[in-house]
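# Remarks on the overall topology
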Amino acid sequence: MTDHTLTHTGNTRLAGVIGWPVSHSLSPRIHGFWLRELGIDGAYVPFPVKPEAVEEAITGLAALGLAGANVTVPHKEAVIPIMDDLDRTARRLGAVNTIVVGDDGRLVGHNSDGYGFLENLKTNAPDWSADLGPAVVLGAGGAARAIVGALIDAGVPEIRLMNRTRSRAESIAEDFGEPVIKVGDWNTLPAYLGDAAVLVNTTSLGMKGQPPLAIDLAQLPPDAVVNDIVYAPLATDLLKTARERGNIVVDGLGMLLHQARFGFTAWFGGEPIVTEALRRFVLER
Ligand code: ATR
């Protein structure tokens, strides 16, 4: 395996992640692993960019000849007006997580979060398919939007969307304008689990330092898939409870790893794959 970290040349392809703060980001390890594995002369670094400096930083990507960048909290929405173009998903979500700089310096904004979610689900729950039944989605932040979009594109017959602040779920339903989205009441959540084929937690509940997501899964069919997008810890209380009762569980790290594949291929070329070795390397930090 060639380690290009010590042998960059005048042709090194450059990309990175723009966020504030950005030191928590796992993306440099993900891309660094693939660059080394595929022997590509490239580098991927963190860019700590304050909110007031976003426009200058993004314009600088093209000026410096970077291949592009990932965009993370809190800039995913703020970069929209700076893009020269948006793909369908980024436009629909009003959020960009991947910028690709064209040869002519044009900035195109993409959003691969929904793709990452779906690839993670398909890989780790191969028996799940969209037509098996309703999806229950908990939460109504940016992640929920991306996931709802991906589930609609995949063709699920119904999405039951529940959030502590009901109005945020209603605004997702309104923005998508898709009758398959049914907004439910957070307090009566267990009642919506009845014939669900998949349950997805997109809230921050269960994350290190947050309260657990304590829901009664008694109504959930035993063959339903349970996916938590929280990945710190990997085994959340929700996933532990679901596993104990026999449900297939899918943790959240895969969504992060799979969403990264899109940017990697666009900037560096090659077909990176998500492996157990990558997971271990990323978790080692
Ligand atoms: P992201 O954009 O990453 O999805 P976010 O917009 O901060 O993040 O959304 C966090 C989600 O976790 C929201 O759905 C939030 O519910 P509210 O819209 O009611 O704030 C949910 N969440 C956070 N803390 C919660 C709690 N204690 N109980 C229930 N839901 C919670």
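Throughout this description, residue numbers start from 1 for each chain and increase along the sequence as written. Per-residue local features of the predicted model are confined to residues with pLDDT of at least 70, and side-chain atom pairs are confined, for both listing and counting, to 80 or more; whole-chain, interface and lining totals are unaffected and use all residues. Each side-chain value is derived from all of the structure's non-hydrogen atoms; neither hydrogens nor water enter the calculation.

## Things to note about the nonpolar core
Side chains of nonpolar character tend, in soluble globular proteins, to be buried together. In these notes, a set of buried Ala, Val, Leu, Ile, Met, Phe, Trp, Tyr and Cys residues joined through side-chain atoms within 4.5 Å is what counts as a nonpolar core. For each residue, the accessible area found with a 1.4 Å probe, counting protein chains only, is set against the maximum for its type, and the residue is called buried under 20%, exposed over 50%, and partly exposed in between. Counting residues in hydrophobic clusters, the biggest one holds 32 residues, and the most contacted among them are F117, W128, I147, V148 and L151. For the purposes of this entry, the term helix denotes a DSSP run of H or I that reaches at least four residues, the term strand denotes a run of E that reaches at least two, and both are numbered from the N terminus. Of all the secondary structure elements, the ones that give two or more residues to this core are α4 (113-124), β7 (135-138), α5 (142-154), β8 (159-163), α6 (166-176) and β10 (198-201). The dominant element in this core, judged by the number of residues it contributes, is α5, at 7 residues. When checking whether two residues touch, look at their non-hydrogen atoms; a contact exists if any pair is within 4.5 Å. Once you skip the residues sitting within four places of it in the chain, V148 turns out to touch V137, I159, L161, I172, F176 and I181. Formed by 22 residues, the second largest nonpolar core is a distinct cluster that contains W34, L35, F264 and V282.

## A look at the sheet that holds β10
If you walk across this open sheet you meet the 6 strands as β9-β8-β7-β10-β11-β12, and the pairing is parallel. One side of each edge strand has no neighbouring strand; the edge strands of this open sheet are β9 (181-185) and β12 (248-250). On average, each strand axis in the sheet is inclined to that of its neighbour by 20°, with strand direction left out of account. By the convention used here, strands pair only if DSSP detects at least 2 bridges between them. Alignment of β7 against β8, held across 4 bridges, turns out to be parallel. Bridge pairing in β8 places L138 opposite M162. In this analysis an axis means a line fitted to C-alpha atoms, helices contributing only their contacting stretch, and an angle means the value between N-to-C directions, from 0 to 180 degrees.

## Side note on unusual backbone geometry
V73 connects to P74 through a cis peptide bond whose omega is 5°. By secondary structure assignment, the location of P74 is in the loop between β3 (68-71) and β4 (85-86). Omega for the bond connecting A232 with P233 falls within 30 degrees of zero, at 5°, which places this linkage in the cis form. Relative to the assigned elements, P233 resides in the loop between β11 (225-228) and α7 (237-244).

## Here we look at the pairing of strand β5 (residues 98-101)
Both faces of β5 are covered, namely the face carrying T98 and V100 and the face carrying I99 and V101. The pairing of β3 with β5 spans 3 bridges and is antiparallel. Residue pairing for β5: A69 is matched across the bridge by I99. Here 4 bridges tie β5 to strand β6 (residues 107-110), and the two strands are oriented antiparallel to one another. From the neighbouring strand, V100 faces β6, where its bridge partner is V108. The turn linking β5 back onto β6 is made up of 5 residues, and G105 within it adopts a positive phi angle of 85°.

## A short note on the side chain of S112
Within the secondary structure, S112 sits in the loop between β6 and α4. Ignoring anything within four residues of it in the chain, the contact list for S112 reads N97, T98, Q259 and F262.

## Re the packing of aromatic side chains
Planes of paired rings set the category: under 30 degrees apart is stacked, over 60 is edge-to-face and the rest tilted, where pairs are Phe, Tyr or Trp rings (Trp by its six-membered ring) whose centres lie within 6.5 Å. The final tally for this structure, using the stated rule, is 5 aromatic pairs. For the ring pair W267 and F268, a centre distance of 6.1 Å and an interplane angle of 85° mean the geometry is edge-to-face. We note that W267, like F268, is buried. Site record: aromatic cluster; members linked through ring pairs are W34, Y44, F264, W267 and F268. The cationic tip of R29 hangs over the ring face of F281; the distance from NZ or CZ to the ring centre is 4.0 Å. Lysine NZ or arginine CZ positioned within 6 Å of the ring centre and within 35 degrees of the ring normal marks a charge as sitting over the ring.

## Topic: the domain arrangement of the chain
What marks off one domain from the next here is an automatic or database domain assignment. By the assigned domains, the chain splits into domain 1 (13-111 + 256-283) and domain 2 (114-251). Just the C-alpha atoms count here: the centres of domain 1 and domain 2 sit 26 Å apart. Each partner contributes residues to the interface: domain 1 has 11 residues there, and domain 2 has 15 residues. Together, the buried faces of domain 1 and domain 2 total about 1100 Å²; carbon and sulfur atoms form 55% of this surface. Defined here as a combined quantity, buried area equals the accessible surface (1.4 Å probe) lost by two parts on assembly, summed across both. It is R92, L93 and H258 in domain 1 that bury the most area against domain 2; as a group they hold 48% of the surface buried on that side.

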